[in-house]
Amino acid sequence: MQNTLSAVISIGFHGIAFAMVLYLISVGLSVTMGLMGFVNLAHGVFAMLGGYILTSLMSRLGVPFVMALAIAAGATALASVVVERLLYRRLYGGDELDQVLLTMGLIFMSVAGATYFWGPLPQPMQPPRWLSGQMDFGFRSFPGYRSFLILCGAGLVTVLWLGLERTRFGVQIRASVDNLRMAQSVGINTSRLFTATFALGSGLAGLGGALGADLLAINPSYALENLVYFLIVVAVGGLGSIRGPFVAALLVGVGDTGFKYLLPELGAFFIYALTMAILLWRPRGLFGRA
Amino acid sequence: MRVDQTAVDIFARRHRYRPVEALPWIAAFAAYALFPSYLPLGAQILATILFALSADLVLGYAGIVTLGHAAFFGTGAYTAGILAANGWGEPISGLLAAGVVAALVGLASGCIVLRTTGLTLLMQTLVVATLLYELANKASRFTGGDDGLQGMVVWPIFGLFRFDMFGRTAYVYCLAVLFICWYLARRIVHSPFGRSLTGIRENVRRMHAIGAPVARRQLVIYTVSAGLAGISGALIAQTTAFVGLSFLNLERSGSVLIMLILGGVGRLYGAFIGVPLYMIAQNRFSEIEPVYWYFWIGLLMVIVVVVARGGVLGLVERLRR
């Protein structure tokens, strides 16, 4: 009994930490999908970039962890604005196939680019000393870095929800997701809104990639390897939603961790089978609008 | 009335064979005579053309954007491979078995996948391919797992033509199979069924409105395309006597899209131009710097999408206008 309970707690804990990383990376993809209808398969590239920036700053230049995190998120957001203005903008409202190809091309370039700059091996991520031990929560102690990940994720989720519900920017996003033309007619500058949202989403992805460098190892084929996870979270959650991907990320994070722990032989199948089943039941995802 | 008459003529003549259409086959024979030392690569190119052709049926004609076409390619390759490794090396029946198994996988997955659209559909095709990849990885007793399937023994074709080390038999074998499948695909595309697929791609709502069974037609072409992809996978498995996990991965699904786009989508001949271009360039480049091949191909895709929509055939069409 004691063992079962401890296994459940352990799965829940690691699963939620994984879910937070998945959510931070995927939420931007969901919003840009809902807002612009743009199939951005290269979203993972921004997460990878964040991860590389963080690990390089920390290991090569000795930048403190929190500062490196901020720089990783900021630099990724900036880089994404350049890509959006130069390339993505041309394909808004265009052919889905063109979007898929453009972003696949970016993924391929990122694989070669990362190999060129950082080499083929995964980048080790050393959590700072103040997070590397165990954290005591009274009834039980948990690994420090993962606990930080969960707290950090929970904080960001709250800020994101409040931002979307309470700020002017959030209202504009919701209006544009619901009805783009009407939003334009009432004077919302949707072009600028797109860029800002895209930068925010990519910055969050960069932050997620950096925070999760310990869970999803930073290596050149990161964007290819993890693409299926990000897409599952977005599609199961429902496009254009902020809450949907959160529930989906929890499902994927906890489910994947649990089944890989309980049935190591068949663990990887479970999450794919579950995804297919959910989409058979609700083709638009859990929180998708009809 | 004159204008209408021309339009009717164009429609009536669409399906007729034009002299230009002989070009790929002439080129294939010329390549056989001119580059005898490159025949193994040539056979790979021919088999991959078939793979791209099958993707064109789904993507170019039915407008279903898929990121998991390697699922069927790999299924076919493993079917033929496992047969040949376990004592049944007869190539033609192996090819047919591969086609049937891949088509069945296509039918089963199509029933689920085609219920959705857009990003969700894309993700589900990717999930199907990933599932099969994991399956092949875990069932290493049958598939050899990470090391790949070894010990394939492929018998001579019709008991007469042995697969030689210069790749002559392989080349002719692939060419013959490609020709038959191309003929089939061409018939499908120009049939009323094929025209209605184009209608579905161009305007789904209108096709629903005129009472076309959209879902069923999509499922049929998805199944046929899966079968052809399976045959192309089996061709490569039989001619190289090897099947590995890379037959099922995302790079495989992605690169076939790229090859198709390079040539031109929805034109039936895009595959015949894009695949040789891609594979010959890959062969050259990877001799110099294998890792950075991906960078150039990625850049090329970005350029194709931004500047040269419609690929090589699209450029030709624009120049002729």
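Residues numbered from 1 in each chain as written. Chains lettered and ligands numbered in written order. Predicted model: local features only at pLDDT ≥ 70, side-chain atom pairs only at ≥ 80, totals over all residues.

**Student:** So what exactly am I meant to see when it comes to the overall build of chain A here?
**Tutor:** Tallying secondary structure elements over chain A gives 13 helices and two strands in all. On C-alpha atoms alone, chain A measures out to a radius of gyration of 19 Å, which is about the 19 Å that the 2.2 N^0.38 rule sets for 290 residues. When its C-alpha atoms are laid out on the principal axes, chain A stretches across 60 × 45 × 35 Å. Taking all 290 residues of chain A together, the buried fraction comes to 47%. (Helix = DSSP H or I, 4+ residues; strand = E, 2+ residues; numbered from the N terminus. Rg over C-alpha atoms; globule rule 2.2 N^0.38 Å. Buried ≥ 20, exposed ≤ 12 C-beta atoms within 10 Å, placed from the backbone.)

**Student:** Just to check I follow, could you spell out the overall build of chain B for this structure?
**Tutor:** On a plain count of helices and strands, chain B comes out with 15 helices and zero strands. Its C-alpha atoms give chain B a radius of gyration of 20 Å, within 12% of the compact-globule value 20 Å for 321 residues. Along the three orthogonal principal directions, the C-alpha set of chain B runs to about 65 × 45 × 40 Å. When burial is assessed residue by residue, chain B has 50% of its 321 residues classed as buried. Intrachain contacts of chain B at a sequence separation of at least 6 include 78% that bridge at least 24 residues. (Contact = placed C-beta atoms within 7 Å.)

**Student:** Just to check I follow, could you spell out helix α3 (residues 39-61) of chain B for this structure?
**Tutor:** Think of an α-helix as turning once every 3.6 residues; residues three or four places apart then point the same way. Residues and elements named next belong to chain B. With 23 residues, α3 ought to run about 33 Å at 1.5 Å a step, and its terminal C-alpha atoms sit 31 Å apart, in line with that. At A55, α3 shows its largest kink, close to 30 degrees. When you tally the buried positions in α3, you get 21 out of 23 residues, the bulk of the element. After α3 finishes, the residue G63 shows a positive phi value of roughly 70 degrees. (Expected span 1.5 Å × (residues − 1). Bend = angle between axes of the 7 residues up to and from the residue.)

**Student:** Explanation requested: the nonpolar core in the structure shown.
**Tutor:** One recurring pattern in soluble globular proteins is that nonpolar side chains are buried together. Counting residues in hydrophobic clusters, the biggest one holds 192 residues, and the most contacted among them are L50(B) and C174(B). In this view, C174(B) contacts A43(B), L46(B), A47(B), L235(B) and T239(B); residues no more than four positions away in its chain are not counted. (Core = buried A, V, L, I, M, F, W, Y, C linked by C-beta atoms within 7 Å.)

**Student:** I keep staring at the packing of helix α8 (residues 168-190) of chain B against helix α11 (residues 214-240) of chain B and nothing clicks. Help me out?
**Tutor:** Each pair of packed helices gets described by two things: the angle between the helix axes and the distance between those axes. All names here are of chain B. It is the contact of α8 with α11, at a shortest axis distance of 11 Å, that shows an interaxial angle of 175 degrees. Here α8 lies roughly antiparallel to α11, going by the angle between them. Residue-level contacts link A170, C174, V177, C181 and I188 of α8 to V224, L228, I231, L235 and T239 of α11. The class makeup of the residues in the contact of α8 with α11 is nine nonpolar, one polar and no charged. (Axes fitted to C-alpha atoms, helices over the stretch in contact; angles between N-to-C directions. Parallel < 35°, antiparallel > 145°, perpendicular 65-115°, else oblique. Nonpolar A, V, L, I, M, F, W, Y, C, P; charged D, E, K, R; others polar.)

**Student:** It is not clear to me how the environment of T103(A) should be interpreted in this structure. Could you clarify?
**Tutor:** Residue and element names in this part refer to chain A. Within the element layout of this structure, T103 appears in helix α4 (residues 96-118). For T103, a count of 27 C-beta atoms within 10 Å gives the class buried. Leaving out residues up to four positions away in the same chain, T103 has contacts with V39, N40, L41 and A42.

**Student:** Sorry, what's going on with the packing of α3(B) against helix α13 (residues 270-288) of chain B here?
**Tutor:** Residue and element names in this part refer to chain B. Contact geometry for α3 and α13: axes closest at 8 Å, N-to-C directions at 135 degrees. As judged from the angle between their axes, α3 and α13 are oblique. For the pair α3 and α13, the crossing hand works out as right-handed. The residues of α13 that touch α3, namely those facing L41, Q44, I45, T48, I49, A52, L53 and D56, are G270, A271, F272, G274, V275, P276, M279 and N283. Here the contact of α3 with α13 is built from residues that sort into ten nonpolar, five polar and one charged. (Left-handed = near helix turned anticlockwise from the far one by under 90°.)

**Student:** Would you explain the interface of chain B and chain A in this entry?
**Tutor:** Size of an interface, as often reported, equals the accessible area lost when the parts are brought together. Facing 32 residues of chain B, the contacting portion of chain A comprises 36 residues. Counting only elements with at least two residues in the side of chain B that touches chain A, the list comes to α6 (118-138), α12 (250-263) and α14 (293-306) of chain B.

**Student:** Would you mind going over unusual backbone geometry with me for this structure?
**Tutor:** Backbone phi values are negative for most residues with the exception of glycine, while trans is the configuration of most peptide bonds. Residues and elements named next belong to chain B. Even without a glycine there, the phi angle at A241 is positive, about 55 degrees. You can see A241 is positioned in the loop between α11 and α12. One non-glycine residue, L268, lies in the positive phi region at around 70 degrees. Looking at the element boundaries, L268 is found in the loop between α12 and α13.

**Student:** Looking at this structure, how should I read the confidence of the model for chain B?
**Tutor:** Interpretation of the predicted coordinates at a detailed level should be avoided for regions scoring low in pLDDT. Considering every residue of chain B, the mean pLDDT works out to 88; 97% of them sit at 70 or more. Predicted as a complex, the structure gets a pTM of 0.89 and an ipTM equal to 0.85. (pLDDT = per-residue confidence, 0-100.)

**Student:** Even after reading the chapter, I still don't get the environment of G244(A), so can you show me in this structure?
**Tutor:** Residue and element names in this part refer to chain A. Take G244: it is sitting in helix α12 (residues 243-262). Residue G244 is classed as buried on the basis of its 25 C-beta neighbours within 10 Å. Residues contacting G244, with those up to four places away along its chain left out, are S30, G237, G238, G285, L286, F287 and G288.

**Student:** Quick question: what am I supposed to make of the environment of I11(A) here?
**Tutor:** Residues and elements named next belong to chain A. If you trace the backbone, I11 turns up in helix α1 (residues 2-36). The spacing of I11 and L262 is 251 residues in sequence and 9.5 Å in space, taken between C-alpha atoms. When neighbours within four sequence positions are excluded, I11 is seen to be in contact with V254, T257, G258 and Y261.

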